[in-house]
Amino acid sequence: AIFIPHSIPHFTSLPSCSEKATMAAGAEQMVSYIGGGAVAVGMCLHGLSLLRGNANVNTMASLLGGCVCLVFSLLALSKGSNLFVWHPIFMSTGAIYFTVAAIDTVKRRNAAADVKDRKSMVQLHWFLMDAAAVCMGVGIWAIYTKKQQPLAKHFTTIHSWVGLGALAMFSLNLIGGASTALGPVLQGRGLKLLWKDTLHRYGGGIAFTLCVAAVLSGLYNRVVVLPDGWGGKLDLPENWTEYGGTWSYKAFGDQLTVFAFMAACALVYVLAIFPVSKRLKSHGE
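Turning to the overall build of the protein chain, a few remarks are in order. When its secondary structure is counted, the protein chain shows eight helices and zero strands. Taken across its 285 residues, the protein chain has 38% of its residues classed as buried. Across the protein chain, the fraction of contacts at a sequence separation of at least 24, relative to all contacts at a separation of at least 6, is 78%.

Counting across every chain of the model gives one salt bridge. Where D104 meets R108, a salt bridge forms, and the shortest distance between an N and an O atom there is 3.0 Å. Of the two residues, D104 and R108 both sit in helix α3 (residues 86-108), four residues apart, roughly one turn of that helix. Given the relative accessible area of 0%, D104 is considered buried. Judged by relative accessible area, R108 falls into the buried class, the value being 3%.

On to the packing of aromatic side chains, then. Summed over the entire model, instances satisfying the criterion amount to 15 aromatic pairs. An aromatic cluster of three or more residues is present, and its members are F72, F84, W247, F252 and F261.

Here we take up the nonpolar core. Generally speaking, soluble globular proteins have nonpolar side chains that are buried together. I96 and F98 are the most contacted members of the largest nonpolar core, which has 51 residues in total. Among the elements of the structure, α1 (17-50), α2 (57-78), α3, α4 (115-147), α5 (158-186), α6 (198-220), α7 (247-252) and α8 (255-273) are those that each provide at least two residues to this core. Among the nonpolar cores identified, the runner-up in size contains eight residues, and V122, A181, L193 and W195 belong to it.

A positive phi angle is found at F155, which is not glycine, with a value near 55 degrees. As for its placement among the helices and strands, F155 is situated in the loop between α4 and α5.

Glancing now at the confidence of the model for the protein chain. Counting all residues, the mean pLDDT for the protein chain is 88, and 88% of those residues have values of 70 or more. This model gives residues 1-14 a pLDDT under 50, and the stretch forms one contact once residues within four places in sequence are excluded. Scored below 50 in pLDDT, residues 280-285 shows twelve contacts in the model against residues more than four places distant or in partner chains.

Where α2 meets α3, the closest approach of the two axes is 8 Å, and the angle between their N-to-C directions is 170 degrees. With respect to their mutual orientation, α2 and α3 come out roughly antiparallel. Relative to α3, the crossing made by α2 is left-handed. Listed contacts from α3 to N58, T59, A61, S62, G65, G66, C69, F72, S73, A76 and L77 of α2 are W86, P88, I89, S92, T93, I96, Y97, V100, A101, D104, K107 and R108. Along the lines of polarity and charge, the residues of the contact of α2 with α3 split into twelve nonpolar, eight polar and three charged.

For an α-helix the count is 3.6 residues per turn, leaving residues at separations of three or four pointing the same way. A rise of 1.5 Å per residue sets the reference length of α4, with its 33 residues, at 48 Å; its end C-alpha atoms lie 49 Å apart and thus fit the reference within 8%. A side-chain oxygen of the first residue of α4 lies 2.9 Å from the backbone nitrogen of K116; this N-cap is D114.

Bringing the packing of α6 against α8 into the picture now. Interhelical geometry of α6 versus α8 gives an angle of 175 degrees and a closest axis separation of 10 Å. In terms of orientation, α6 lies roughly antiparallel with respect to α8. Contacts between α6 and α8 involve F208, T209, V212, V215, L216, L219 and Y220 from the first element and V258, F259, F261, M262, C265, Y269, A272 and I273 from the second. Taken together, the residues that form the contact of α6 with α8 break down as 14 nonpolar, one polar and no charged.

Next up on the list: α5. The terminal C-alpha atoms of α5 lie 41 Å apart, and with 29 residues this matches the ideal 42 Å at 1.5 Å per residue to within 8%. If you look at α5, its biggest bend is around 35 degrees, right at T180, and the proline P184 turns up within four residues after that. Those residues of α5 that fall on the buried side of the exposure criterion are S160, G163, A166, F170, N173, G177, A178, A181, G183 and P184. Check the buried side of α5 and you find it contacts α3, α4 and α6. Residue G188 follows α5 closely and has a positive phi angle near 85 degrees.

The rules behind these values
Residues numbered from 1 in each chain as written. Predicted model: local features only at pLDDT ≥ 70, side-chain atom pairs only at ≥ 80, totals over all residues. Heavy atoms only, no water. Helix = DSSP H or I, 4+ residues; strand = E, 2+ residues; numbered from the N terminus. Buried < 20%, exposed > 50% of the residue type's maximum accessible area, 1.4 Å probe, protein only. Contact = heavy atoms within 4.5 Å. Salt bridge = Lys/Arg side-chain N within 4 Å of Asp/Glu carboxyl O. Phe/Tyr/Trp six-rings, centres within 6.5 Å; stacked < 30°, edge-to-face > 60°. Core = buried A, V, L, I, M, F, W, Y, C linked by side-chain atoms within 4.5 Å. pLDDT = per-residue confidence, 0-100. Axes fitted to C-alpha atoms, helices over the stretch in contact; angles between N-to-C directions. Parallel < 35°, antiparallel > 145°, perpendicular 65-115°, else oblique. Left-handed = near helix turned anticlockwise from the far one by under 90°. Nonpolar A, V, L, I, M, F, W, Y, C, P; charged D, E, K, R; others polar. Expected span 1.5 Å × (residues − 1). Polar contact = N/O pair within 3.5 Å; in protein donor to acceptor, adjacent residues only side chain to side chain. Bend = angle between axes of the 7 residues up to and from the residue.

Encoded structure:
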């Protein structure tokens, strides 16, 4: 006997190609608007930072980082705008520009003779880190939405692992700094802006290093280590050290341009971590 059901269950149909294109276009618009707003605010904050204190080698790093990200973004968008393109644009802007500007700002506070100036520099450092966090968050949103795959199919490359570690360290350090500054407010006292914490400083250094490493690995190559997604077998390809296979080579047309951007990012990193002189005068804090 053959069982014939009286009714066939209704299953929700998958989105059509046109519906997927419409959703991607809407997501791209949101990504570009939110990320663009964060970039505009971050550039204004950086401008205010440059008006305070004397410039040094770290300041040159922030200016170079801004120029590198500007050229990178213009070249990327010249090939056409799509949801994926905003991922490297906003991730590099957050890591190579605003994070470096924030590092420069907090370092230059040490040379300020006035306590109010030092507090102002710390606030700018904080806000620049927030701008970097928004940019990188939007960059993650862009690539996650672009793939339109289950969670188990995400974070399967070395680049994504480094980036995930960078975002985790960045977020923890940002939360730690905010809690230290806002802690006294919850106790009925004023905002604490002038403080030193070795853990925060070294944690920030690790986060920045991982951010730059994620940018470099994303430019250099694409190494999938979980081809079947999470739950599958870990597999490191034999050619994992070879360059190529990423969007950057297709977008910029040749290996030399990609390597030039990598070298520029590495130079920004070196200049950003370069030690600077301590504060000129010490006042009661």
